[in-house]
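# Architecture at a glance
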Amino acid sequence: MEHDTGGVSTLSTKIVVNGTPQELTHDVRTTLLDALRDHLGVTSAKKGCDHGQCGACTVLVDGRRVVSCLSLTASLDGTEVVTAEGLGSPEDLSDLQQAFVDRDGLQCGYCTPGQVCSAQAMLAEAAAGMPSHVTDPSTLADPDAAVELSDAEIRERMSGNLCRCGAYVNIVAAIRDTAAQRAAATGHSEEEAS
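Model, not experiment: these values are computed from the prediction.

Cut-offs used in this document
- Residues numbered from 1 in each chain as written.
- Predicted model: local features only at pLDDT ≥ 70, side-chain atom pairs only at ≥ 80, totals over all residues.
- Heavy atoms only, no water.
- Buried < 20%, exposed > 50% of the residue type's maximum accessible area, 1.4 Å probe, protein only.
- Helix = DSSP H or I, 4+ residues; strand = E, 2+ residues; numbered from the N terminus.
- Arc of directions from axis to C-beta.
- Contact = heavy atoms within 4.5 Å.
- pLDDT = per-residue confidence, 0-100.
- Salt bridge = Lys/Arg side-chain N within 4 Å of Asp/Glu carboxyl O.
- Expected span 1.5 Å × (residues − 1).

### Overview of helix α3 (residues 95-102)
Because an α-helix packs 3.6 residues into every turn, residues spaced three or four apart end up facing the same way. When we look at burial in α3, the residues that qualify are Leu96, Gln97, Ala99 and Phe100. For α3, the arc enclosing every buried residue in end-on projection is 160 degrees, short of the 170-degree limit, so these residues lie on one face. Elements that come into contact with the buried residues of α3 comprise α2 (84-87), α4 (112-127) and α6 (168-186). With its phi angle positive at about 55 degrees, Asp104 sits one or two positions after the end of α3.

Encoded structure:
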C-alpha cells in the first residue's frame, strides 16, 4: 500500500529475512541494502561501492543472488531474503562458511558475507546445470548434469565479488571443497564437483 507523506511516497513491503517475517514502511526509493541495514539492523550485507560493482552486498532473494544495493525493496514484496547471517551462526556455521574459515578464505572479512552468499547461489546454479561464460558447451549434452566446477569455472562465476585483500586463491579452494563435500553427500563423484 502506497502512502504520500509530504511529497515523499512510502510503501509497505512484506518480506521474510533470514526466516523472520518483516513488514517495512519505507520510501519507495529504498534499496534492499538500506532496508536490511538501516530498518532491520541486519548488518552482514555490507555497503561497498553502492553501485553494484563489488558484490559486498550480495544476498539471496528467493534463492538467487542479487546485489542488494541495486535492488529496490518495493519490488521484493512477498520474497524471502537470506543474508550470510541466515546461512549459519557463529556457533553453527554452514558448510560453506566453515570452508571459508578452514581455507582462510577471508582476510579483513568485509567482503566475506557477500562472497559466501554468492558462492551459495553459485553452487546451486552449477548443480542445476546452468552454464557460465567459460563452461565447455560439449559438456552440456545432458540437461540434468551438474556443471564441472573447475577453478576457472568458479572464478568466472564469482567474478562479480571483489576481495580487496586478495584472498581469491583461498576463496576458490573453499568453494571447491564445499562442492566436493556436497557431491560426496549426494552420491556424485568428486570429479563431477571439481
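Having seen it, we continue.
### Topic: the confidence of the model for the chain
Of all residues in the chain, 92% have pLDDT values of 70 or greater, and the mean over the chain is 91. This stretch, residues 190-194, has a pLDDT under 50; its non-local contacts, to residues over four places away or in other chains, come to twelve contacts.

### Concerning the pattern of salt bridges
Scanning the entire structure with this criterion turns up eight salt bridges. Close ionic contact of Arg182 with Asp95 constitutes a salt bridge, the shortest N to O distance being 2.8 Å. Here Asp95 lies in helix α3 and Arg182 lies in helix α6, a separation of 87 residues in the sequence. For Arg182, a relative accessible area of 25% gives the class partly exposed. Glu153 is the partner of Arg157 in a salt bridge, and the nearest nitrogen-oxygen pair spans 2.7 Å.

### Considerations on the side chain of Ser118
In this structure, Ser118 sits in helix α4. Of the residues examined, Ser118 reaches a relative accessible area of 1% and is grouped as buried. Contacts of Ser118, omitting those with residues within four sequence positions, involve Thr58, Arg65, Met158 and Asn161.

### Examining the environment of Ala173
With respect to the helices, strands and loops of the structure, Ala173 is situated in helix α6. Under the relative-accessibility criterion, Ala173 is labelled buried at 4%. The sequence separation of Ala173 and Asp102 amounts to 71 residues, and the corresponding C-alpha distance is 9.8 Å.

### Focus: α4
For α4, spanning 16 residues, the distance from its first C-alpha to its last is 22 Å, which sits close to the expected 22 Å at 1.5 Å a residue. Within α4, 13 of the 16 residues are buried, which leaves it mostly tucked inside the rest of the structure. Directly beyond the C-terminal end of α4, a positive phi value near 85 degrees is found at Gly129.

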